Structures are given as C-alpha cells and as structure tokens.
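Topology and contacts: notes
Each chain, written out:
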Amino acid sequence: ISAEDNLFLKQAKVIEELYNSGENSIMVGRCSDYILKDKQNVIKVFIYSSDMDFKVNRKIKLENLNIATAEKKIKQVDKQRAEYYKHFTSQTWGDRNNYDLCIDTSKIGVEESIDILESYIRKRV
C-alpha cells in the first residue's frame, strides 16, 4: 500500500469517527462526500467557480500573485484534486450527481454563496 493510500485510509477513518461522534461537523475535501455517501444527515456540497477570470482575480487578491502564476496554480490544483478524487472514488470530481447542492461562486459571489449555503443547511436540518 502506498503512503498516499495509507494516508487516505487514515483520513477516511477520522472522517468516519467524526461522523459517528454525533457532533455537527464540516468536512472540506478529502473525498468526504464519497466516504459518507451512505450516511444519514449528511449534506454534500460542491462549491466551485466556472469563470477562470473570477478564480484568477480571487487568487491574485488572496495570495498576491501575478496573473500567469495564479492561473497556473489554479489549473494545477484543480488537476490534482480531480486525479485524487478519481483515484480514491473512481468517480469524477465535481460531478453534480455526487452532491446535494452545487454552488458556482462566480455567478453570485462568495458572500451570497455563503448565504445560500446557510439557508440550505437550515432547511435541511
């Protein structure tokens, strides 16, 4: 078993333990939607941006990068996320069928996306 596979198994165990604790939790990434896919009271959300300019401008503001570096980093991270997700789930990262809610932050902005997510969670709980 590779070190990456071993790390995934340990992360999956922690995610399961957090779920089983009964405490409210927010888990970001690490294939947690897949790990908890058959569990009750889990809300699976995919937050993304379909607009590269939006992503680049946000990255520039957050990390003080130039345009070329920001775009390169975004593409690299998105590729790594897709490969990681595919490797451990055999599914496509970002496939809307894997989530209860998908929010495109480039359409409404980050703050409005947060409001929508909060409203959705309140209605589901």
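Now for a quick tour of the structure. (Residues numbered from 1 in each chain as written. Predicted model: local features only at pLDDT ≥ 70, side-chain atom pairs only at ≥ 80, totals over all residues. Heavy atoms only, no water.)

Here's the deal with the packing of helix α1 (residues 3–20) against helix α4 (residues 67–89)
As a reminder of what qualifies: In this description, a line fitted to the C-alpha atoms serves as the axis of each element, helices being fitted only across the stretch in contact, and the angle between N-to-C directions of two axes falls anywhere from 0 to 180 degrees. By the criteria applied, helices consist of DSSP H or I runs no shorter than four residues and strands consist of E runs no shorter than two, each listed in order from the N terminus. Orientation categories follow fixed angle ranges, with anything under 35 degrees roughly parallel, anything over 145 roughly antiparallel, 65 to 115 roughly perpendicular, and all other angles oblique. Between two residues, a contact is recorded if the distance between any of their heavy atoms is within 4.5 Å.
Close contact between α1 and α4 brings their axes to 12 Å; oriented N to C, the two are set at 75°. Taken together, the axis directions place α1 and α4 in an arrangement best described as roughly perpendicular. Residue-level inspection shows Glu 4, Asp 5, Phe 8 and Gln 11 of α1 in contact with α4, the latter providing Tyr 84, His 87 and Phe 88.

Here's the deal with the nonpolar core
Soluble globular proteins tend to bury their nonpolar side chains together. This is how the line gets drawn: Among buried residues, those of type Ala, Val, Leu, Ile, Met, Phe, Trp, Tyr and Cys that are joined through side-chain atoms within 4.5 Å constitute a nonpolar core. The buried label applies to any residue whose accessible area, calculated with a 1.4 Å probe on protein chains only, is under 20% of its type's maximum; exposed applies above 50%, and partly exposed to all values in between.
Counting residues in hydrophobic clusters, the biggest one holds 12 residues: Phe 8, Ala 12, Ile 15, Cys 31, Ile 35, Leu 36, Val 42, Phe 46, Tyr 84, Tyr 85, Phe 88 and Tyr 99. Elements that contribute at least two residues to this core include exactly α1 and α4.

Digging into the packing of aromatic side chains
As a reminder, the rule being used: Ring pairs shown here join Phe, Tyr and Trp side chains whose ring centres sit within 6.5 Å, with only the six-membered ring taken for Trp; geometry is labelled stacked below 30 degrees between planes, edge-to-face above 60, and tilted in between.
Tallied over the entire structure, the rule returns six aromatic pairs. The interplanar angle of 10° and the centroid separation of 4.1 Å between the aromatic rings of Phe 8 and Phe 88 together place this pair among those described as stacked. Placement of Phe 8 in helix α1 and of Phe 88 in helix α4 is noted, with a sequence separation of 80 residues between them. In terms of burial, Phe 8 and Phe 88 fall into one category: buried. Residues Phe 46 and Tyr 99 carry aromatic rings whose centres are separated by 5.1 Å and whose planes lie at 35° to one another, so their mutual orientation is tilted.

Concerning the side chain of Lys 59
To keep it simple, the criterion reads: Here a polar contact is recorded for every N or O atom pair within 3.5 Å, except that within protein the pair must consist of a potential hydrogen donor and a potential acceptor, and residues adjacent in sequence are included only if both atoms are side-chain atoms.
Here Lys 59 shows up in helix α3 (residues 52–63). Judged by relative accessible area, which is 19%, Lys 59 ranks as buried. Of the polar contacts made by the side chain of Lys 59, one reaches the side chain of Glu 63; its length is 2.8 Å. Those residues in contact with Lys 59 that lie beyond four places of it in its chain are Asn 64, Leu 65, Ala 70, Lys 73 and Ile 74.

Focus on the pattern of salt bridges
For the record, the criterion: What makes a salt bridge here is a side-chain nitrogen of Lys or Arg within 4 Å of a carboxyl oxygen of Asp or Glu, nothing more.
For the structure shown, the criterion picks out eight salt bridges. With its nearest N and O atoms 2.8 Å apart, the salt bridge here joins Asp 78 to Lys 55. Within this pair, whereas Asp 78 is found in helix α4, its partner Lys 55 is found in helix α3, the two being separated by 23 residues in sequence. The shortest N-O distance in the salt bridge between Lys 59 and Glu 63 comes to 2.8 Å. Here Lys 59 and its partner Glu 63 are both found in helix α3, four residues apart, which amounts to about one turn of the helix.

Some thoughts on a negative patch on the surface
For clarity, the threshold we go by: Like-charged residues within 9 Å of one another, or nonpolar side chains (Val, Leu, Ile, Met, Phe, Trp, Tyr) within 5 Å, are grouped into patches, provided each residue has over 30% relative accessible area and no salt bridge. Residue burial considers only the protein chains on display, and all accessible areas are found by Shrake-Rupley using a 1.4 Å probe. His is not counted, nor are the chain ends; Lys and Arg add positive charge and Asp and Glu add negative charge. Positions of charges follow a simple convention, taking NZ of Lys, CZ of Arg, CG of Asp or CD of Glu.
A contiguous patch of negative charge on the surface is contributed by Glu 111, Glu 112, Asp 115 and Glu 118. Counting through the fold element by element, Glu 112 comes out in helix α6 (residues 110–124).

Things to note about the side chain of Asn 98
By the secondary structure assignment, Asn 98 is in the loop between α4 and β2 (101–104). Among the polar contacts made by the side chain of Asn 98, one reaches the side chain of Tyr 85 at a distance of 3.5 Å. Setting aside residues up to four positions removed in sequence, Asn 98 forms contacts with Asp 33, Lys 44, Tyr 85, Gln 91 and Thr 92.

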